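Listed below, chain by chain, are the residues.
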Amino acid sequence: MLIVMLLPNSRTESDGSAVIRVLSHNIRSMRDDTEALARVIRACAPDLVLVQEAPRFFRWRKKLARLAAASDLVVLTGGATAAGPAILCSLRAVAERTEDVLLPLIPGLHRRGLATAVVRFGSARLGVVSCHLSLDADERYEQAGVLLDRLAAMGVEHAVAGGDLNERPDGPAFRRLADSLQDGWATAPWGAEDTWTSADPHRRIDAVFATRGVEVLGCGVPLGLPGVTEADLRAATDHLPVLAALRVPALA
């Protein structure tokens, strides 16, 4: 197993800035081992979880709430109302507002959406977006632009966005995001890189991004993190998660 240095724990600094942990994970509608999934999430000790492929059909709210409770978190927003993306959070986060956004639908393609929120950690204010971009290259590129527009319209200085991009870092949609935002792994690589598939990771198609001014302290797949086993990572879902530690400045 890969051995990694520990990420900083969540805390509030003396200057009012907040160190937070953000986890992004495609959970494949909780069709796999949900106990293993909850163990992985708990071991990562996240303040925010950016979920993709949350349950969207029968009793989807109960299923998502059950996962949040098993992970010592609460549901902030998203799920079927965002066509799959969702956001979970710890009680450390104070929600200012949430909004689920459905993206334009191209006939014959899967409906996509964004789960968005503005939260506070003490004196630090942060916009948050969970996304799952299209399998179609042209639609995926347009959705990356919509995501950037949504971040710009949130009225916050600092933000984090993450999700399943369905594209490698050299793809046009991924590059469109990385040109405007900090790609967490490229900025402060930590842990492992590839996220797809969990059984045979050979591609990085999941990522956490942050706006300028947010300090990326480390970002990557939490292989070797205490409490995170390779067996649980394989059993939880078909993607590996991305964990980032960020320092968010306090409001001026």
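As the structure is a prediction and not an experimental result, all values here were calculated from the model. (Residues numbered from 1 in each chain as written. Predicted model: local features only at pLDDT ≥ 70, side-chain atom pairs only at ≥ 80, totals over all residues. Heavy atoms only, no water.)

I'd like a rundown of unusual backbone geometry, residues and numbers included.
Of note, the amide linkage connecting W196 to T197 takes the cis form, showing an omega dihedral of -5°. Inspection of the secondary structure assignment puts T197 in the loop between α5 (184-187) and β11 (206-210). Notably, R28 is not glycine yet its phi reads approximately 50°, a positive angle. Positionally, R28 belongs in the loop between β2 (18-26) and α1 (34-44). Residues other than glycine seldom take positive phi values, yet A83 does so here, at roughly 65°. The topology assignment puts A83 in the loop between β4 (74-78) and β5 (86-89). (Helix = DSSP H or I, 4+ residues; strand = E, 2+ residues; numbered from the N terminus.)

Kindly report on the pairing of strand β13 (residues 242-248), identifying the contributing residues and their values.
Summarising burial for β13: six of the seven residues are buried, a large majority. Sheet topology places β2 next to β13; seven bridges connect them, and they run antiparallel. Its bridge partner lying in β13, S24 is registered against V242. Across five bridges, strand β12 (residues 215-220) lies against β13 in antiparallel orientation. (Buried < 20%, exposed > 50% of the residue type's maximum accessible area, 1.4 Å probe, protein only. Pairing = 2+ DSSP bridges.)

Outline the packing of aromatic side chains, listing residues and values.
Within this structure, the stated rule accounts for one aromatic pair. Each ring, one from F174 and one from F209, has its centre 5.5 Å from the other, and the planes form 65°; the classification is edge-to-face. You can see F174 sitting in helix α4 (residues 172-180) and its partner F209 sitting in strand β11, a full 35 residues away along the chain. Taken individually, F174 and F209 each receive the classification buried, so the pair is uniform in this respect. Above the plane of the ring of Y141 lies R176, whose end atom (NZ or CZ) is 4.3 Å from the centre. (Phe/Tyr/Trp six-rings, centres within 6.5 Å; stacked < 30°, edge-to-face > 60°. Lys NZ or Arg CZ within 6 Å of the ring centre and 35° of its normal.)

Can you break down the packing of helix α3 (residues 137-152) against α4 residue by residue, with the values?
Remark: α3 packs on α4, axes separated minimally by 8 Å, with the N-to-C direction vectors making an angle of 20°. The angle between α3 and α4 falls in the class roughly parallel. Here the hand of the crossing between α3 and α4 comes out right-handed. Of the residues in α4, those in contact with R140, Y141, E142, A144, G145, L147 and L148 of α3 are P172, A173, R176, L177 and S180. Split by residue class, the contact of α3 with α4 holds seven nonpolar, two polar and three charged. (Axes fitted to C-alpha atoms, helices over the stretch in contact; angles between N-to-C directions. Parallel < 35°, antiparallel > 145°, perpendicular 65-115°, else oblique. Left-handed = near helix turned anticlockwise from the far one by under 90°. Contact = heavy atoms within 4.5 Å. Nonpolar A, V, L, I, M, F, W, Y, C, P; charged D, E, K, R; others polar.)

Just give me the short version of the pairing of strand β3 (residues 48-52), but keep the residues and values in it.
Most of β3 is tucked away: five of the five residues are buried. Here β3 shows no split at all, with L48, L50 and Q52 on one side and V49 and V51 on the other all buried. Bridge count for β2 against β3 is five bridges, and the pairing is parallel. Considered in β3, the bridge of S24 is made with L50. With four bridges connecting them, β3 and β5 associate as antiparallel partners. The residue of β5 that forms the bridge with L48 is C89.

Pulling in residues and values, what's your account of the sheet that holds strand β9 (residues 159-164)?
If you walk across this open sheet you meet the six strands as β6-β7-β8-β9-β11-β10, and the pairing is mixed. With one partner strand each, in any of the chains shown, β6 (94-102) and β10 (182-183) form the two edges of the open sheet. Where β10 lies against β11, two bridges are found, and the strand directions are antiparallel. Each residue of the ladder has a partner; that of D183, found in β11, is F209.

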